[in-house]
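An overview of the molecular structure
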Amino acid sequence: MLLTVLKTSFQITLAPLSIDRVHQEASHPGNGAVVVMSGTVRDNTNGRPVDYLEYQAYEPMALKVFADIARQIQQRWPDANSVVIHHRIGKLRIGEISVLVAVGTPHRAEGFAACQFAIDTLKHNAPIWKKEYWRDGTSAWVSLGACELSSERR
């Protein structure tokens, strides 16, 4: 099977993320679809009011995980043309974008499936940690167990 040359972009940054930039980086003349997933900081967790979040990452390993996700996408969806994964670290306020994933494919069904695979795999495998700060002044790191619990709810 001949694989398409996959266009990729991976980034971990303190700077705000741009949907337009990620979409542009995923652009490819063979795309019929570019599916973009934007993860944003919400104002509550299980009804508990959130003030802000803090993200930390072990960048070298996280970027390797991003590249591995792209390789897996290319194996599962050989027509995929592009995979872009950008994640923010540092302090993020309500409504700010924490992660952007874009996958470009010739057809939308594969794009949606590959994009969901990318974000789910990232959340489980990338060494990126989130600390929630609640409005009552308390805080806690979100555990990997919470990630597994949320995937069971689907």
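Just so it is clear, the model here is predicted, and its values are computed rather than measured.

Here we have four strands laid out as an open sheet, ordered β1-β5-β7-β2, and mixed in their pairing. Two strands close off the open sheet at either side, each with one partner strand: β1 (7-13) and β2 (33-40). In this sheet, neighbouring strand axes are inclined to one another by 5° on average, regardless of whether the strands run parallel or antiparallel. Judged from the six bridges that link them, strand β5 (residues 82-88) and strand β7 (residues 97-105) form a sheet pairing that is antiparallel. Counterpart to His-87 in the pairing with β7 is Val-99. Against the sheet, helix α1 (residues 19-26) touches β1, β2, β5 and β7, its axis set at about 155° to β5. Set on the sheet, helix α3 (residues 108-125) makes contact with β2, β5 and β7; between it and β7 the angle comes to about 145°.

Now for the environment of Pro-106. If you trace the backbone, Pro-106 turns up in the loop between β7 and α3. By relative accessible area, which is 28% here, Pro-106 ends up partly exposed. Once you skip the residues sitting within four places of it in the chain, Pro-106 turns out to touch Gly-30, Asn-31, Gly-32, Ala-33, Asp-79 and Asn-81.

Let us look at the packing of aromatic side chains. Following the criterion strictly, the structure yields three aromatic pairs and no others. With a centroid separation of 4.3 Å and 15° between ring planes, the pair formed by Tyr-52 and Tyr-133 is classed as stacked. With Tyr-52 in strand β4 (residues 48-57) and Tyr-133 in strand β8 (residues 128-134), this residue pair connects regions lying 81 residues apart in the sequence. By the burial criterion, Tyr-52 is buried, and Tyr-133 matches it. In this structure, Lys-91 is placed above the aromatic ring of Tyr-52, and the distance from its NZ or CZ to the ring centre is 4.2 Å.

Calculation criteria
Residue positions are counted from 1 within each chain, in the order its sequence is given. Local features in this predicted model are restricted to residues whose pLDDT is 70 or higher, and side-chain atom pairs enter the listing and the counts only when it is 80 or higher, whereas totals over whole chains, interfaces and linings include all residues. Computation of side-chain values: all heavy atoms of the structure, hydrogens and water removed. Only strands joined by at least two bridges in the DSSP assignment are considered to pair. Helix numbers and strand numbers start at the N terminus; a helix is a DSSP run of H or I with at least 4 residues, a strand a run of E with at least 2. Inter-axis angles, ranging from 0 to 180 degrees, are taken between N-to-C directions of lines fitted to C-alpha atoms, where helices are fitted over the stretch in contact. Contacts: residue pairs with any heavy atoms within 4.5 Å of one another. Three labels apply to residues, based on accessible area from a 1.4 Å probe with only protein chains included: buried if under 20% of the type maximum, exposed if over 50%, partly exposed otherwise in between. Pairing of aromatic rings covers Phe, Tyr and Trp, the last through its six-membered ring, and needs centres within 6.5 Å; plane angles under 30 degrees mean stacked, over 60 mean edge-to-face, and all others mean tilted. To sit over a ring, a charge needs its Lys NZ or Arg CZ within 6 Å of the ring centre and within 35 degrees of the ring normal.

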